[in-house]
Amino acid sequence: MHETTTLLIELGAIILGLGLIGRFAGRIGLSPIPLYLLVGLAFGTGGLLPMSASEDFVAVGAEIGVILLLLLLGLEYSASELVGSLKTQYPSGLVDFVLNALPGAAAALLLGWGPVAAVALAGVTWISSSGVIAKVLTDLERLGNRETPVVLGILVMEDLAMAVYLPLLTALLAGVGLAGGSVTLLIALGTVGIVLYLALRHGRVISKAVNSDNPEMLLLVVLGLTLLVAGVAQELQVSAAVGAFLVGIALSGEVAEGARKLLTPLRDLFAAVFFVFFGLSTDPTEIPPVLLPALLLAVVTAATKIGTGWYAARRAGIGPKGRLRAGGALVARGEFSIVIAGLAVASEPRIGPIATAYVLILVILGPLAARWTEPLLLRFTDAGTPPPVVKEVPVAVAEPHTHPVAAEDPVTGPASGPDPKSATEPA
């Protein structure tokens, strides 16, 4: 069979399969990410039916998927929102980093993978899944809850931190020394600062220059600009994903809204291809040996995310129930954990299997944690708290006919007088 024909058949089968899987996941209320990963594992190296003809195309599509994920993420925020979150949420962001990045780094060092792998696995366990969390909050009708801005603030801090973390990780993976890594980090920080300044001061001018009443022209200009900036950023070892994120931040207002509508279907397509590609590049036979470490890491970092949400919500003056809801909502990991693992897998192939297993566990556990963390923990703590001891007070027995008997209302019962059980049972 001709190579092009095989390519079309494989691509058609992959995209059709992803569509059917996504529909099935939506019906059962599950994120499609774990199913996409399982498809990649089934048809990749060591899988049931390896696909070789479409491998190069899927690899390029995966790169575009990462770029579009970060671009659409940047379009969600304005520069002023990012700066405001940085000013108000930085203590919670620091707690989030310490509680959730350190377990990943410690696990990599305990497994003997070295410092570069420790930095990569720290990112995998640190960053929550914005896409999964946003969908869960919508499904649970919590967008109007008091704790939801706290959850979104944590996500904004993580997304902003990605602009610093990804260039540093890219430099370390490229084998650049301390001096070179410092230069790359300074370039990244300088670029982020310049983009934020331009977006704050001249965002309208930039958006007006890019905007177009013709949807086709707007799509071509925004997509072309994003790919160009991403390529230049990659050449400077700042990371293509960060370049795309900064383009999204620089655009605002009407152009951002229009670009978001046009690019969302493309993002969904190529993001699905990205998850499949990550599964394709992971040998499923390597997952069982790391399943136990991945499960332990998932349990630990689920607990630390709940602690992060509790701390951040307490700072905002929210009660215990809202704190637990905030923590449970942050548990899910997904797209960004896979992005980080995808960058690192070329230098440290052992990260791929454990990251896949870890994300599979937490992308399923995340929606469950968001729904059940509050009622289960409150029930557990209430059950473990002994009931208050109430001392019985002797009640004098009144002489017959000494006090008048209150009339009884036919609807509400006795008009006055204590409940007979109140003397011996707590309220």
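Residues numbered from 1 in each chain as written. Predicted model: local features only at pLDDT ≥ 70, side-chain atom pairs only at ≥ 80, totals over all residues. Heavy atoms only, no water.

(A) Up close: the overall build of the protein chain. The number of helices and strands found in the protein chain is 15 helices and two strands. Out of the 427 residues belonging to the protein chain, those deemed buried represent 45%. For the protein chain, the proportion of contacts with a sequence separation of at least 24, taken over those separated by at least 6, is 82%. Summed over all atoms, the accessible surface of the protein chain reaches about 21900 Å², with 68% contributed by carbon and sulfur. (Helix = DSSP H or I, 4+ residues; strand = E, 2+ residues; numbered from the N terminus. Buried < 20%, exposed > 50% of the residue type's maximum accessible area, 1.4 Å probe, protein only. Contact = heavy atoms within 4.5 Å. Areas by Shrake-Rupley, 256 points an atom, 1.4 Å probe, with all protein chains shown as cover.)

(B) Fine view of the packing of helix 3 (residues 55-76) against helix 9 (residues 215-235). For the pair helix 3 and helix 9, interaxial distance at closest approach is 11 Å and the crossing angle is 110°. The orientation of helix 3 relative to helix 9 falls into the category roughly perpendicular. When you trace helix 3 past helix 9, the crossing you get is right-handed. Contacts between helix 3 and helix 9 pair Ile67, Leu68 and Leu71 from the former with Val222, Leu223, Thr226, Leu227 and Ala230 from the latter. Looking at the contact of helix 3 with helix 9, its residues break down into seven nonpolar, one polar and no charged. (Axes fitted to C-alpha atoms, helices over the stretch in contact; angles between N-to-C directions. Parallel < 35°, antiparallel > 145°, perpendicular 65-115°, else oblique. Left-handed = near helix turned anticlockwise from the far one by under 90°. Nonpolar A, V, L, I, M, F, W, Y, C, P; charged D, E, K, R; others polar.)

(C) Structural detail: the nonpolar core. In terms of nonpolar packing, the biggest core is built from 118 residues, with Leu70 and Leu71 touching the most fellow members. Per-element accounting of this core gives the leading share, 13 residues, to helix 11 (residues 253-280). For leucine 71, the contacting residues outside a window of four places in its chain are Val222, Thr226, Ala244, Phe245, Val247, Gly248 and Leu263. (Core = buried A, V, L, I, M, F, W, Y, C linked by side-chain atoms within 4.5 Å.)

(D) A look at a nonpolar patch on the surface. Taken together, the side chains of Val183, Ile187, Leu228, Val232 and Leu236 present a nonpolar region at the surface, about 430 Å² in accessible area. Counting residues per element, the ones that place at least two in the nonpolar patch are helix 8 (178-210) and helix 9. Counting through the fold element by element, valine 183 comes out in helix 8. For valine 183, a relative accessible area of 47% corresponds to the partly exposed category. (Patch = residues over 30% accessible without salt bridge, like charges linked within 9 Å, V, L, I, M, F, W, Y side chains within 5 Å. Salt bridge = Lys/Arg side-chain N within 4 Å of Asp/Glu carboxyl O.)

(E) Representation of the packing of aromatic side chains within the structure. This model, assessed by the stated rule, comprises three aromatic pairs. Between tryptophan 126 and tyrosine 165 the ring centres are 6.0 Å apart and the planes differ by 90°, which places this aromatic pair in the edge-to-face class. On the criterion of sequence distance, the pair formed by tryptophan 126 in helix 5 (residues 115-126) and tyrosine 165 in helix 7 (residues 148-173) is long-range, its members being 39 residues apart. Pair check on accessibility: tryptophan 126 and tyrosine 165 agree, each one buried. Across from the ring centre of tryptophan 310, 5.0 Å away, lies the NZ or CZ of arginine 323, which sits over that ring. (Phe/Tyr/Trp six-rings, centres within 6.5 Å; stacked < 30°, edge-to-face > 60°. Lys NZ or Arg CZ within 6 Å of the ring centre and 35° of its normal.)

(F) Local environment of the layout of surface pockets. Counted as a void, the largest pocket has a volume near 820 Å³. Contributing to the lining of the largest pocket are 29 residues, with Ser130, Gly131, Val132, Arg267 and Glu335 lying nearest its centre. Looking at the lining of the largest pocket, the elements that each hand over two or more residues are helix 2 (33-43), helix 3, helix 6 (130-139), helix 7, helix 11 and helix 14 (335-344). Looking at which element gives the most residues to the lining of the largest pocket, the answer is helix 11, with eight residues. Of the residues in the lining of the largest pocket, the class split is 18 nonpolar, five polar and six charged. What lines the second largest pocket is a set of 18 residues, and nearest its centre among them are Glu63, Phe274, Phe277, Gly342 and Leu343. Top contributing element to the lining of the second largest pocket by residue count: helix 3, with five residues. Here the lining of the second largest pocket is composed, by residue class, of 13 nonpolar, four polar and one charged. (1 Å grid on protein atoms, 1.4 Å probe; cavity = no way out; pocket = protein on both sides within 12 Å on 5 of 7 lines; lining within 4 Å. Points joined across faces, edges and corners; volume = space filled by probe spheres on them.)

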